[in-house]
Amino acid sequence: MLLHPPPASLTHTFTHTSDGPPLYRSTSMDARLSASLLAGLVFLLHGYTAWAVVEVSMEDRVEVYKGDTAQITCMFTSDEGIGGLIIQWFYVLRTGEKKNIYYQDATMQVVERNTQFTDRIMVNVTAATGEVVLTIANVQLIDQLEFICLIKSLTDGVSEGRTKLLVFEKPDFPTIEGVQTGVLADEDTLSKIGSCEVKNGFPKPNITWYRNNAPLRVSDVVSVVASTTIESSGLFSVRSELNLKVMKEDKDARFYCEVTYLVPGGTRMTETNHISITVYYPSTAVHVWVESPKGKIKEGDSIIFNCHGNGNMASSVSIKHGTTEYNVESNMLVLENVTRLQSGDYECISTDVNTFEELSGNTTVFVNYLDPVVVLPSYVEMAQGEEWTATCNALSSLQTHTAWFKDGQEVSTGHILMLTDVTFDTAGTYKCVVSVPEIDGMEKMATLQVHVKGAPEIMKPEHTDIEESVSSTVDLTCHVRGFPAPSVIWTTADGKILETTSQTEMDDSVHSIVSVEVTSDLTAFCNASNEYGADALAYKIKAIVHTTAAATTTSTSTIGTSTLSSSSSTVVHITAAATTTRTSTLSSSTVKAATAIPPEKIRKEGNGVIIVVIIICILLLAILGSVLYFLYKKGKICGRSGKQDLTKEKSSKDNIVVEMKSDTEDAVLLGVNGEKLPSSNQ
């Protein structure tokens, strides 16, 4: 049940009897209340002939976090009902004095005023189960006290129980700090390692130091100094400092603190971060080794030596090779572009700057070598069909591999190169490459120059017949092989010498270029010669004349008597100007478009347009001829009947000439022998 404080007019005092605990008495209650109590008391005294039995049981302790709500339970048994009982709650001061905080009987429930619990407690009584529960809200550290539950019957049967209220506060996360300076190993005195601190816990937390997961116990070599601070809030802060005798092995040790603290119902633990310390210790041995290159060393490499003692105290380091002493910086020495002369033992000397004690270590280095390649002979001149043998050798500290290359392709392996039945293709530069398979990049080379003597040979191009437009320029090339290098002269069919545009000469070949302006059909010769003979190459250039006809020109064509034959080929050249007379000449009586373009001729890109124009003109002439022939057969022209035979003997010229004029000119038909026909026959 929820209890309320008594009226302000009430005051309360305690009285004691000789045979029991103090009773709660009111000195300001009215007469009616006193009379009722007396009447009840007389009734009870007459109704019972024996003392009533009251028994109380309570837990030994109740545990709760600071700020939470605590419930203290008081269990009782009695022969009397709840109405015949007096219930009181007390707490015990640290001095041992008991202080009342609650009173209840059959007629009232009163919370004592002006205590630390006045506004924070309530009592709930359950008669059926014999349970009285004291509830304390917002528990504080000062509430950690012993509480007494006292129950007394009206017949003076009395019993009490005690419970301790324990209050807890979880501390902050602990911190650790190691020493910032290094620690000397094997010192006679203990050295500070670090300190741990945990704040705001209740009850007081406990700190334990660990090294590599093993707890450190106080001994001759371990000292732990702890200090405790009670904060203004009443919470505890604990600081612990570790000191120990440092050994060399502690350079790899990990230190940390374990904090244990009490909580309701048990104990909890948390750990700090792990720290390490810098331990200074002198060297007892020195080691020197080749850091780079890994594996075998060759001439030209850079060697990196590392020299370190097994201590970490300051020392000066130097490296000796024979009588040569090298200064070492940062325990490292670099030798660049080494030679075989730098093979041998290297000694590293470390001197302690404090004690001047010297320690040394050694390592052996071997620098592999590959001497320059010697090719014998290195220059050869021979006639075609001859044989020759060359050798290639190089001295090395390791097993070698020899290969011969020409024009980037491997042609032979081994120290000997044999050339048999040589030709111009055999001539050139041969490279002998000697390598060491065990070491990447270790190789050297030398060359053999081979010349094959003989008359010039001109490398014939794919096409030597060329068609070019008039007034254009064509470049002719001539690649000649031969040794000694031949001389090259360009000439025409009539013996005229052409000026060379560019010419590249090598020991056994010449590459020559000449530029020719096309004005007419031309034959150009590349003439090459040396002391062993000569060779020549002819280029035939055909000049092409291009004609453009106006689309607005009106033409009339008349065909003389001839035979149309499909056996002869046709080459057509058309020359005309816009709006002028066009004249077409056929080299034979056959019009055949499919053979108008000679095969296997070299043409420029513009020839395609010319071919199309020629084909169209030929087709137009063929159609015009067919129309005229049809009219002639019908007798519509020349005053002849349609049955007149047009097939006559071919003249010795075997040519048909058609001349077309504009509307303002007379049309003239030439006969088969070139005579003009009279106007009556036109």
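Read on for an overview of the structure. (Residues numbered from 1 in each chain as written. Predicted model: local features only at pLDDT ≥ 70, side-chain atom pairs only at ≥ 80, totals over all residues. Heavy atoms only, no water.)

1. Focus: the sheet that holds strand β27 (residues 324-327)
Then, number 1: The four strands lie next to each other as β27-β26-β29-β30, forming an open sheet whose pairing is antiparallel. Sheet topology places β27 and β30 (358-365) at the edges, where each strand pairs with a single neighbour. Neighbouring strand axes in the sheet, compared pairwise and without regard to direction, differ in orientation by 25° on average.
Then, number 2: Relative to strand β29 (residues 344-352), strand β26 (residues 315-321) runs antiparallel, the two being bridged by six bridges. By the bridge assignment for β29, Ser 315 is matched with Asp 352. (Pairing = 2+ DSSP bridges. Helix = DSSP H or I, 4+ residues; strand = E, 2+ residues; numbered from the N terminus. Axes fitted to C-alpha atoms, helices over the stretch in contact; angles between N-to-C directions.)

2. Regarding the pairing of strand β4 (residues 61-65)
Then, number 1: Only one face of β4 is buried: it carries Val 62 and Val 64, and the other face, with Arg 61, Glu 63 and Tyr 65, is open.
Then, number 2: Note that β4 and strand β12 (residues 158-168) share five bridges and pair parallel. Counted as the bridge partner of Val 64 is Val 167 from β12. (Buried < 20%, exposed > 50% of the residue type's maximum accessible area, 1.4 Å probe, protein only.)

3. Re the pattern of salt bridges
Then, number 1: Within the structure shown, the criterion is met by 17 salt bridges.
Then, number 2: Overlapping salt bridges bring together Asp 60, Arg 61 and Glu 63 as one network. (Salt bridge = Lys/Arg side-chain N within 4 Å of Asp/Glu carboxyl O.)

4. Let's talk about the state of the cysteines
Then, number 1: Going through the model one piece at a time under the given rule, you end up with five disulfides.
Then, number 2: Across the disulfide, Cys 478 is cross-linked to Cys 526 (sulfur-sulfur distance 2.0 Å). Here Cys 478 and Cys 526 share a disulfide; its torsion about the S-S bond, -80°, makes the bridge left-handed. Of the two residues, Cys 478 sits in strand β41 (residues 473-483) while Cys 526 sits in strand β46 (residues 522-530), which places them 48 residues apart along the sequence.
Then, number 3: For Cys 526, a relative accessible area of 0% gives the class buried.
Then, number 4: If the cysteines joined by disulfides in the protein chain are listed in sequence order, their pairing comes out as 1-2, 3-4, 5-6, 7-8, 9-10. (Disulfide = S-S within 2.5 Å.)

5. Some points on the environment of Thr 155
Then, number 1: Along the chain, the position of Thr 155 falls in the loop between β11 (146-153) and β12.
Then, number 2: Distance in space between the C-alpha atoms of Thr 155 and Glu 80 is 9.5 Å, their sequence separation being 75 residues.

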